[in-house]
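Given next are the chains, with one letter for each unit.
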Amino acid sequence: DQQVKQNSPSLSVQEGRISILNCDYTNSMFDYFLWYKKYPAEGPTFLISISSIKDKNEDGRFTVFLNKSAKHLSLHIVPSQPGDSAVYFCAASRSGTYKYIFGTGTRLKVLA
Amino acid sequence: EPEVTQTPSHQVTQMGQEVILRCVPISNHLYFYWYRQILGQKVEFLVSFYNNEISEKSEIFDDQFSVERPDGSNFTLKIRSTKLEDSAMYFCASAGTGGHQPQHFGDGTRLSIL
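Presented here is a report on the structure given in the accompanying data block. This one's a predicted model, so the numbers in the text were calculated from it and none came from an experiment.

## So, the state of the cysteines
All names here are of chain A.
Okay, so step 1: Per the stated rule, a full pass over the model turns up two disulfides over all chains.
Okay, so step 2: A sulfur-sulfur separation of 1.9 Å characterises the disulfide bridge that pairs cysteine 23 with cysteine 90. Disulfide cysteine 23-cysteine 90: the torsion about the S-S bond is 65°, which places it as right-handed. Placement of cysteine 23 in strand S3 (residues 19–25) and of cysteine 90 in strand S9 (residues 86–93) is noted, with a sequence separation of 67 residues between them.
Okay, so step 3: Exposure remark for cysteine 23: the relative accessible area of 1% places this residue in the buried category.

## Regarding the sheet that holds strand S3 (residues 19–24) of chain B
Sheets are built from strands that pair by backbone hydrogen bonding, the pairs being arranged parallel or antiparallel.
Residue and element names in this part refer to chain B.
Okay, so step 1: Spatial strand order, S1-S3-S8-S7: four strands in an open sheet with antiparallel pairing. Here the strands that pair on one side only, and so sit at the sheet edges, are strand S1 (5–7) and strand S7 (65–68). Neighbour-to-neighbour, the strand axes of this sheet turn through a mean angle of 20°, independent of strand direction.
Okay, so step 2: When S7 meets strand S8 (residues 75–79), the two strands line up antiparallel, connected through four bridges. Looking across to S8, one finds that valine 67 is bridged to leucine 77.

## Comments concerning the packing of aromatic side chains
All names here are of chain A.
Okay, so step 1: Evaluation of the coordinates by the stated rule reveals 20 aromatic pairs over all chains.
Okay, so step 2: Residues phenylalanine 30 and phenylalanine 33 carry aromatic rings whose centres are separated by 6.5 Å and whose planes lie at 85° to one another, so their mutual orientation is edge-to-face.
Okay, so step 3: Judged by relative accessible area, phenylalanine 30 falls into the buried class, the value being 6%.
Okay, so step 4: For phenylalanine 33, a relative accessible area of 1% translates into the label buried.

About the cut-offs
Residues numbered from 1 in each chain as written. Chains lettered and ligands numbered in written order. Predicted model: local features only at pLDDT ≥ 70, side-chain atom pairs only at ≥ 80, totals over all residues. Heavy atoms only, no water. Disulfide = S-S within 2.5 Å. Helix = DSSP H or I, 4+ residues; strand = E, 2+ residues; numbered from the N terminus. Buried < 20%, exposed > 50% of the residue type's maximum accessible area, 1.4 Å probe, protein only. Pairing = 2+ DSSP bridges. Axes fitted to C-alpha atoms, helices over the stretch in contact; angles between N-to-C directions. Phe/Tyr/Trp six-rings, centres within 6.5 Å; stacked < 30°, edge-to-face > 60°.

Following this line, the structure appears as structure tokens:
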């Protein structure tokens, strides 16, 4: 069941540069999308979300973009910091059900 | 900042034994969830719980699993007769209200079945 896919298992970025993490989904019924960050031995930490009525949501250094026609969302982190090094998961859900479908994660490494 | 807490952090159990994983959700939250992550795999939904009953469950959540909110603060996941394939990280999550609200996760319980 690959409804949510993160095709890049890892990404390395220089400190201060932009990190772009990508996520694709197949279920057109999804109407709410989230990004979580996960450090080893900790649970997923909520970062930012977006409803399908929007195409962009911004919170400080984090911006999520949603392209519904392409069924694609991305997370931009600007500027990237070493503390951003973690595994990032995208997740999706649809109205009427509140379970999240998670992607497989992308490990981000920000190099000092 | 309020957080979801889970105990124990690591549970080792013999196959066939019962295990109870415990969670204290954020205090004013109304929706509760269990997810699991088998090593190297995705985080998978198990069950959601609202108003003292299961609102949704996945095909993973078979008769060996049950959830309970025994008092006003705890939320538990019980596995009646554990199998080797139940070895995973189990995450509890809670959300404040209905509609699209982010779920907040605990740090998980690592369950190892021997």
